[in-house]
Amino acid sequence: MATASDGGFNIAPMDQFVVQPLFSDGPVGMFTVSNATLWMALAVVCTVLLLVVGSRGRAVIPSRAQSVAELAYGFVYKMVEDVTGKDAVRYFPYIMTLFMFILMANMLALIPTSFSPTSHIAVTAVLALAVFIGVTVLGFVKNGASFLSLFWVSSAPLALRPILAIIELISYFVRPVSHSVRLAGNITAGHAVLKVFAGFAAALGVFSFLPILAITAIYALEVLVAFIQAYVFTILTCVYLKDALHPHH
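Definitions and limits used
Residues numbered from 1 in each chain as written. Predicted model: local features only at pLDDT ≥ 70, side-chain atom pairs only at ≥ 80, totals over all residues. Heavy atoms only, no water. Patch = residues over 30% accessible without salt bridge, like charges linked within 9 Å, V, L, I, M, F, W, Y side chains within 5 Å. Areas by Shrake-Rupley, 256 points an atom, 1.4 Å probe, with all protein chains shown as cover. Salt bridge = Lys/Arg side-chain N within 4 Å of Asp/Glu carboxyl O. Helix = DSSP H or I, 4+ residues; strand = E, 2+ residues; numbered from the N terminus. Buried < 20%, exposed > 50% of the residue type's maximum accessible area, 1.4 Å probe, protein only. Contact = heavy atoms within 4.5 Å. pLDDT = per-residue confidence, 0-100. Phe/Tyr/Trp six-rings, centres within 6.5 Å; stacked < 30°, edge-to-face > 60°.

S.K.: Quick rundown of a nonpolar patch on the surface? Include the residues and the values.
M.R.: A surface patch of nonpolar side chains, about 620 Å² in accessible area, is lined by Phe75, Met107, Tyr219, Leu221, Val223, Leu224, Phe227 and Ile228. Locating Leu224 in the fold gives a position in helix α6 (residues 209–245). For Leu224, a relative accessible area of 45% puts it in the partly exposed group.

Rendered as structure tokens:
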């Protein structure tokens, strides 16, 4: 919100990311039902409504909801098959769930006065750690000790292999950091920019049409970013899963 202060105005673009309890005024604890809880629950509900309720009829001539559900299903299934291989299709339900949850959370966050759970590193870090731990455990279960060959670049000159192994090992453990920060950072940046221009629109009076035009353009971009970030998170999950199933360089 833009507020008058000493003849000017203040814009607080980060206020929209504050986690607040829904049913009290006290501090937010581990089990507090907050605005983040509400909007994550809504993302789950919207996913269920689209994929379960919207496509339950399985009509030959699909409804709009069924068409969107089938499009999302086919898109993610093809991604898993192309990136990870046919043997990874068994893990499709988890990857589809990730994609739809992130996409719905991102899209719902574009509603005015809503809250964006994927702008919080606490949320994206849990998603990224679940992927990281899951694919690491799967890699050892499927391949045993040979999973460590992921870090040994056999095609490189022998003298360079130990150095490359250390680099590969470090980059592997950095994966959940980059995986989570990329999503949270992009969503936070976009919403903060929208809030700044909204503050200008509220403060400029008759000239407010200028920031409103900018808001319209940025909002359209944010719709695209909401999809792209869900896609990037999901395709990286597929890449990591491929490394777990086929670790040999």
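S.K.: Tell me about the side chain of Asn35, and please be specific about residues and values.
M.R.: With respect to the secondary-structure elements, Asn35 resides in helix α1 (residues 35–53). Ignoring anything within four residues of it in the chain, the contact list for Asn35 reads Val18, Val19, Gln20, Leu22 and Phe115.

S.K.: So what's going on with the confidence of the model for the protein chain? Which residues, and what values?
M.R.: With 95% of its residues at a pLDDT of at least 70, the protein chain reaches an overall mean of 88. Mean pLDDT across the elements of the protein chain ranges from a minimum in strand β1 (residues 2–5), with 46, to a maximum in helix α3 (residues 92–108), with 96. Below a pLDDT of 50 lies the segment residues 1–7, which in the model reaches 14 contacts outside its immediate sequence neighbourhood of four places, other chains included.

S.K.: Outline the packing of aromatic side chains, listing residues and values.
M.R.: Counted according to the given criterion, the structure contains 15 aromatic pairs. Plain terms: the ring middles of Phe227 and Tyr231 are 6.5 Å apart, the flat faces sit at 15 degrees to each other, and that makes the pair stacked. With Phe227 and Tyr231 both in helix α6, this residue pair falls four residues apart, about one helical turn. Look at Phe227 and you get partly exposed, because its relative accessible area is 32%. One aromatic cluster in this structure is built from Phe132, Phe140, Phe147, Phe151, Tyr172 and Phe173.

S.K.: Provide a residue-level description of the pattern of salt bridges, including the pertinent values.
M.R.: Evaluation of the coordinates by the stated rule reveals three salt bridges. Measuring nitrogen to oxygen at the nearest pair gives 2.9 Å for the salt bridge that ties Glu81 to Lys86. For Lys86, a relative accessible area of 63% translates into the label exposed. The shortest N-O distance in the salt bridge between Asp243 and Arg175 comes to 2.6 Å. You can see Asp243 sitting in helix α6 and its partner Arg175 sitting in helix α5 (residues 161–203), a full 68 residues away along the chain. Each member of the pair, Asp243 as well as Arg175, is classed as buried.

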